[in-house]
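Chains, contacts and geometry: an overview
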Amino acid sequence: MTKPGDRVKIITSEQELEGVLMPEEKEFIVLKMDTGYNIGIDKKRVKEIALISHPPERETELPKTQPKTGLPKISILHTGGTIASKVDYTTGGVVAQFEPEKLIEMFPELRNIANIESRLVRNIMSENIRFAHYNIIAHEIKKEIENGSEGIIITHGTDTIHYTAAALSFMLKDLGVPVILVGAQRSSDRGSSDAALNLLSAALFITASKNFAEVAVCMHETKEDTTCLILPGTKCRKMHSSRRDAFKAINTEPWARVDFKAKKVDYLKTGFNERKAGVPEIREFKENLEVGIIKTYPNMFADIFQSYKKYDGLIIEGTGLGHIPIMEIDELTKEHTSIYNSVKELIANDVIVTLTTQCIYGEIDMNVYSPGRKLLDAGVLGNYCDMTTETAFIKLAWLLSNYPKHEVKKLYSVNLVGEISKRLEK
Ligand code: ASP
């Protein structure tokens, strides 16, 4: 007798399919394939469902381990996401549900790398994260450093991990230890999960890199379980919705490559902040700040810009070197004059307006074409910046949380924590 959660082979007249059995639908048997996709098989076609194995029991507690002498102390703070999730066999979906200790028990090698303290901060999918969560995470990091942690790992959903990495980079002044954010594209209970290598590589990097004290993201370098990259917190981005190597460094190199099997760390660039004693000062986000992002596209209307007039800040993700449709060229482009006037009106209303590019790679240069120059005249910021839209958004929100607007205007285009390439700053 098989039940949801069992690994089975389904035999029909045309094929044999192997996977994990999900709760059945009216006329269909639902099977989760090893690729992660669910498929429905018409019950009328099924000749046999053969049991391969029951799901592994994971409920037994491991004995609490004593701290090992000679190993550094690393704190793992869990915030949720797929890395802390497992497949819910009643829905076939992935739900956030691992207890922090259970997650650590799944990767016992961690205990040979460091003395691990593991604690739950939140258990949410990262698309639900708000500025208030950044403040909580920053304070939890500070607590761990006060208690002697030599490095912090934050487990986090991958969807917005790069926003959180950027937020922490700006928030933690005088950070003296590494803070490495780790996610997973496949839940930790699946054979194909990338969680183990990401987590173990982050821990190995913290212990092996005696100097590094930056906020960074550690994720797979390739589709295989070979190496991970340590990516700069303000210059990386999720570039694929499902692949294990979804994260790339943008407009820079990764800090380092970690080969967990060979127990090797290779630095790919220098210039990182070094470790030091002391606890960081936290410069928080204002929780009710309203900052928006508009992506430009053909056939835009001015009303979308006008709807931001009560906001504190707005990022316009324009095209190419930094263009938005503001030129009235013929009888079909009259709306563009209204768009330009709306942008000017926002700035007159004290909304800070900045420009990024949909290209993701490359920088803004508003001096090349006349629309760019018109935007500069209007007071749009961001010229010569190569920040991703996500980092620009976080930077603008953080600046608005901590500085008066005239200072925000000056600081936005200045490299503060590695978010703008040095070459451009010059
Ligand atoms: N939606 C999930 C999250 O960002 C996806 C993931 O963790 O990979 O929390």
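Up top you'll find the structure we're talking about.
I will try to describe carefully the structure that is included in this document. Since we're looking at a predicted model, the values are computed, not measured. (Residues numbered from 1 in each chain as written. Predicted model: local features only at pLDDT ≥ 70, side-chain atom pairs only at ≥ 80, totals over all residues. Heavy atoms only, no water.)

1. Some remarks on the overall build of the chain
Along its length, the chain carries 11 helices and 22 strands. For a compact globule of 426 residues, the expected C-alpha radius of gyration is about 22 Å, and the chain comes in at 24 Å, within 12% of that figure. Seen through its C-alpha atoms, the chain measures out along the principal axes to roughly 70 × 60 × 35 Å. By residue count, 53% of the 426 residues in the chain fall in the buried class. Taking contacts inside the chain between residues at least 6 apart in sequence as the whole, the part at least 24 apart equals 67%. Surface summary for the chain: the accessible area is close to 19600 Å², and the carbon and sulfur share equals 51%. (Helix = DSSP H or I, 4+ residues; strand = E, 2+ residues; numbered from the N terminus. Rg over C-alpha atoms; globule rule 2.2 N^0.38 Å. Buried < 20%, exposed > 50% of the residue type's maximum accessible area, 1.4 Å probe, protein only. Contact = heavy atoms within 4.5 Å. Areas by Shrake-Rupley, 256 points an atom, 1.4 Å probe, with all protein chains shown as cover.)

2. Details of the pattern of salt bridges
Counted according to the given criterion, the structure contains 20 salt bridges. Lys 3 is paired through a salt bridge with Asp 6; the nearest N and O atoms lie 3.6 Å apart. Overall, Lys 3 belongs to the partly exposed group, its relative accessible area being 43%. Ionic pairing is found between Asp 386 and Lys 235, a salt bridge with its closest N-O pair at 3.0 Å. Of this pair, Asp 386 sits in the loop between helix 8 (370-378) and helix 9 (389-402) while Lys 235 is found in the loop between strand 14 (227-232) and strand 15 (236-238), placing the two residues 151 residues apart along the sequence. In this pair, the class of Asp 386 matches that of Lys 235, namely buried. (Salt bridge = Lys/Arg side-chain N within 4 Å of Asp/Glu carboxyl O.)

3. Regarding the sheet that holds strand 17 (residues 256-259)
Each strand in a sheet pairs with its neighbour through backbone hydrogen bonds, running either in the same direction (parallel) or in the opposite one (antiparallel). What the eight strands build is an open sheet, ordered 9-6-10-12-13-14-17-18; its pairing is mixed. Strand pairing shows two members of the sheet lacking a second neighbour, strand 9 (115-120) and strand 18 (264-267), which therefore form its edges. In this sheet, neighbouring strand axes are inclined to one another by 25° on average, regardless of whether the strands run parallel or antiparallel. Bridge count between strand 13 (residues 215-220) and strand 14: five bridges; the pairing is antiparallel. Residue Cys 218 lies in a different strand from strand 14, and its bridge partner there is Ile 230. (Pairing = 2+ DSSP bridges. Axes fitted to C-alpha atoms, helices over the stretch in contact; angles between N-to-C directions.)

4. Things to note about the sheet that holds strand 2 (residues 16-22)
Reading across from one edge, 4-3-2-1-5 is the order of the five strands in this open sheet, with antiparallel pairing throughout. Among the strands making up the open sheet, the edge pair consists of strand 4 (38-42) and strand 5 (46-53). Between one strand axis and the next, the sheet turns through 45° on average, direction left out of account.

5. Points about the nonpolar core
Soluble globular proteins tend to bury their nonpolar side chains together. Counting 54 residues, the largest nonpolar core has Ile 141 and Leu 168 as the members making the most contacts within it. If we skip the residues at most four places from it in the chain, Leu 168 touches Tyr 134, Ile 137, Ala 138, Ile 141, Val 179, Leu 181 and Val 215. (Core = buried A, V, L, I, M, F, W, Y, C linked by side-chain atoms within 4.5 Å.)

6. Looking at the packing of helix 3 (residues 131-146) against helix 4 (residues 161-171)
In a packed pair of helices, the relevant descriptors are the angle between the two axes and the axis-to-axis distance. Following both chains from N to C, one finds helix 3 and helix 4 inclined at 60°, their axes separated by 10 Å at the closest point. In terms of orientation, helix 3 and helix 4 fall into the oblique class. Of the two elements, helix 3 crosses helix 4, and the hand of that crossing is right-handed. Facing Tyr 134, Asn 135, Ile 137, Ala 138 and Ile 141 of helix 3, the residues of helix 4 in contact are Tyr 163, Thr 164, Ala 167, Leu 168 and Met 171. The residue inventory of the contact of helix 3 with helix 4, partitioned by class, reads eight nonpolar, two polar and no charged. (Parallel < 35°, antiparallel > 145°, perpendicular 65-115°, else oblique. Left-handed = near helix turned anticlockwise from the far one by under 90°. Nonpolar A, V, L, I, M, F, W, Y, C, P; charged D, E, K, R; others polar.)

7. Quick word on the site of the ligand
Around the ligand, the neighbouring residues are Gly 81, Thr 82, Met 125, Ser 126, Glu 127, Gly 157, Thr 158, Asp 159, Ala 184 and Gln 185. Contact distances for the ligand include 2.9 Å between an oxygen atom and a backbone N or O atom of Thr 82. The contact in question runs from an oxygen atom of the ligand to an N or O atom on the backbone of Ala 184, over 3.2 Å. Within the complex, 90% of the 270 Å² of free accessible area of the ligand lies under protein. Taken together, the residues of the shell around the ligand break down into two nonpolar, six polar and two charged. (Near = heavy atom within 4 Å. Polar contact = N/O pair within 3.5 Å; in protein donor to acceptor, adjacent residues only side chain to side chain.)

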